[in-house]
Amino acid sequence: MRAVIMHGPGDVRVEDVPTPELVEPTDAIIRVDAACICGSDLWPYRGISPVKRPSRMGHEYIGVVERIGSGVRDIEVGDFVVGSFMASDNTCEICRAGYQSRCIHVVGMGSIGTQAEYARIPWADGTLVKVTGEITPERRRSLLAASDVLGTGWFAAVAAEAGPGKTVAVVGDGAVGLLGILAASQLGAERIIAMSRHADRQQLARRFGATDIVEARGDAGVAAIKEMTGGYGAHSTIEAVGTQEAMQQAIRSTRAGGHVGFVGVSHGVSLDGQELFLSGIHLHGGPAPVRHFLPDLIERIMTDQIDPGVVFDQTLSIDEAAEGYRAMDERRAIKVMLEF
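What you are looking at is a predicted structure, and each value in this text was computed from that prediction instead of being measured.

The rules behind these values
Residues numbered from 1 in each chain as written. Predicted model: local features only at pLDDT ≥ 70, side-chain atom pairs only at ≥ 80, totals over all residues. Heavy atoms only, no water. Pairing = 2+ DSSP bridges. Helix = DSSP H or I, 4+ residues; strand = E, 2+ residues; numbered from the N terminus. Axes fitted to C-alpha atoms, helices over the stretch in contact; angles between N-to-C directions. Contact = heavy atoms within 4.5 Å. Salt bridge = Lys/Arg side-chain N within 4 Å of Asp/Glu carboxyl O. Buried < 20%, exposed > 50% of the residue type's maximum accessible area, 1.4 Å probe, protein only. Polar contact = N/O pair within 3.5 Å; in protein donor to acceptor, adjacent residues only side chain to side chain. Right-handed = clockwise from strand over helix to strand, strands pointing away. Phe/Tyr/Trp six-rings, centres within 6.5 Å; stacked < 30°, edge-to-face > 60°. Parallel < 35°, antiparallel > 145°, perpendicular 65-115°, else oblique. Left-handed = near helix turned anticlockwise from the far one by under 90°.

Mind showing me how you'd approach the sheet that holds strand β13 (residues 212–214) here?
Pairing between the strands of a sheet comes from backbone hydrogen bonds, and it takes one of two forms, parallel or antiparallel. The strand order across the open sheet built from 6 strands is β13-β12-β11-β14-β15-β16, with neighbouring strands paired in parallel fashion. Two strands lie at the open edges of the sheet, namely β13 and β16 (282–285), each paired on one side alone. Direction aside, neighbouring strands of the sheet carry axes that sit 20° apart on average. Relative to β16, strand β15 (residues 254–262) is paired through 4 bridges, and the arrangement is parallel. Its bridge partner lying in β16, H259 is registered against H282. The sheet strands contacting helix α6 (residues 175–186) are β11 (167–171), β12 (191–195) and β14 (234–239), and the helix crosses β12 at an angle near 175°.

Have a look at this one:
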């Protein structure tokens, strides 16, 4: 089968690799219907995260179940499924508390690679959610978004306690930040401030529910948020980048007693203990427990309540994956969908 392999910074190839086999009785093999490139895939592409050996890429996916292990009970061959970027048993104490991404038996799908024609899904019953109903092209791309960026943006908004009467600031205008805006809007936020310098992303932010745009960054961006909120800062702030500047901007844009939901994959981020102590904010985040939110998100998508799939502004064949990486790296694309 064909799969996307990263050999080093800027070096992405599509190669023939063995088709996966069942390893554990709780596994399933899916035929990947569509995959995509994530902003976190750009960290190794840019050489920020080390690439020690040629590595399979991808952790977002939708597909059709082709084979199941003897221990799989709830998922059947032929099911169209969406899965999380973290495989989980969905039964351990951590999972039952709503944090499936930190399941005691967690398997990162990035270690398996879903930018491929087929993928092995560990803990199939706990990881995959069956989709019923007509899958239109619009719903299909939205279901793909649900496997990571929608669920991650949703978790960020929930962690930031976005809701009625709240002002929400969103740091980061990539797919996760944009879908954090959508989530905050769906959760009833009164005001949503998108921090973005790019006209196309600003337009999409407004489509998803942003009421205001702030183009300034760093201290100037913080000052703008404070000015817009009577000097207080936002009630809820989403950090969807993962850099030191973004985290500082998020913390400093939030009022005392407010909440920061951080989901950007942290690189080189350190917190000043005294500043954090004196801020009086709540800080909550990490790898999003997408599986926790999937049933609700799928329902919203299949009933056309939300259309998160519009974040995919470029669709390519898997053989063009290298161009997809270049387009996202050069910010010519917000998010690239890969088809087979």
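How should the pattern of salt bridges be read in this particular structure?
Pairing is possible between side chains that carry opposite charge, provided their charged atoms lie close to one another. Per the counting criterion, the structure on display carries 23 salt bridges. The shortest N-O distance in the salt bridge between R67 and E21 comes to 2.8 Å. Within this pair, whereas R67 is found in strand β5 (residues 61–68), its partner E21 is found in the loop between β2 (11–16) and β3 (28–36), the two being separated by 46 residues in sequence. Given a relative accessible area of 37%, R67 falls into the partly exposed group. Of the charged contacts, one joins R252 and E275 as a salt bridge, the two residues approaching to 2.6 Å between their closest N and O atoms. A residue pair is termed long-range when its members are at least 10 positions apart, and R252 in helix α9 (residues 244–252) and E275 in helix α10 (residues 273–279) qualify at 23 residues. Residue E275 is classed as partly exposed on the basis of its relative accessible area of 29%. One salt-bridge network, in which partners are shared between bridges, spans E323, R326, E330 and R332.

Before we go on, may I ask you to explain the side chain of T136 in this structure?
Here T136 is to be found in the loop between β10 (128–130) and α4 (137–146). We classify T136 as buried; its relative accessible area is 19%. Reaching out from T136, the side chain makes a polar contact with the backbone nitrogen of R139 at a distance of 3.1 Å.

Explain the pairing of β11 here, please?
Two faces, one strand: in a regular strand the side chains alternate between the faces of the sheet. Where burial is concerned, most of β11 is hidden: 5 out of the 5 residues are buried. Of the two faces of β11, the one holding T167, A169 and V171 and the one holding V168 and V170 are both buried throughout. Bridge count for β11 against β12 is 5 bridges, and the pairing is parallel. Looking at β12, one finds that A169 is bridged to I193. Handedness of the β11-α6-β12 crossover: right-handed. Sheet topology note: the β11/β14 ladder contains 4 bridges and is parallel. Each residue of the ladder has a partner; that of V170, found in β14, is I238.

Honestly, the packing of aromatic side chains in this entry has me stumped. Any pointers?
Ring pairs (aromatic) are described by centroid distance and by the angle formed between their planes. In the structure shown here, the tally under the stated rule is 3 aromatic pairs. Arranged with centres 6.5 Å apart and planes meeting at 85°, the rings of Y99 and F155 form a pair that is edge-to-face. Within this pair, whereas Y99 is found in the loop between α2 (93–96) and β8 (107–108), its partner F155 is found in helix α5 (residues 149–159), the two being separated by 56 residues in sequence. Of the residues examined, F155 reaches a relative accessible area of 4% and is grouped as buried. A centroid spacing of 6.5 Å and a plane angle of 45° characterise the contact between F155 and F293, whose relative ring orientation is tilted.

How should I be thinking about the sheet that holds strand β1 (residues 2–8) in this particular structure?
Strand order in the open sheet made by the 3 strands is β2-β1-β4, with antiparallel pairing throughout. Where the open sheet ends on each side, the last strands, each with one partner, are β2 and β4 (55–56). The pairing of β1 with β2 spans 6 bridges and is antiparallel. Directly across from R2, in β2, lies its bridge partner D16.

Please explain the packing of α4 against helix α11 (residues 290–302) as it appears in this structure.
Relative placement of two packed helices is described by the angle separating their axes and the distance separating the axes. Contact pair α4 / α11: the axes reach a minimum separation of 10 Å and the direction vectors enclose 165°. Between α4 and α11, the interaxial angle falls into the category roughly antiparallel. Considering how the two elements wind past one another, α4 and α11 form a crossing that is right-handed. Across from R139, S142, L143 and A146 in α4, the residues of α11 making contact are V290, L294, I298, I301 and M302.

Honestly, the pairing of β12 in this entry has me stumped. Any pointers?
When you tally the buried positions in β12, you get 4 out of 5 residues, the bulk of the element. Two strands pair when backbone bridges link them, and β12 and β13 are joined in this way by 3 bridges, in the parallel orientation. Bridge pairing in β13 places M195 opposite V214.

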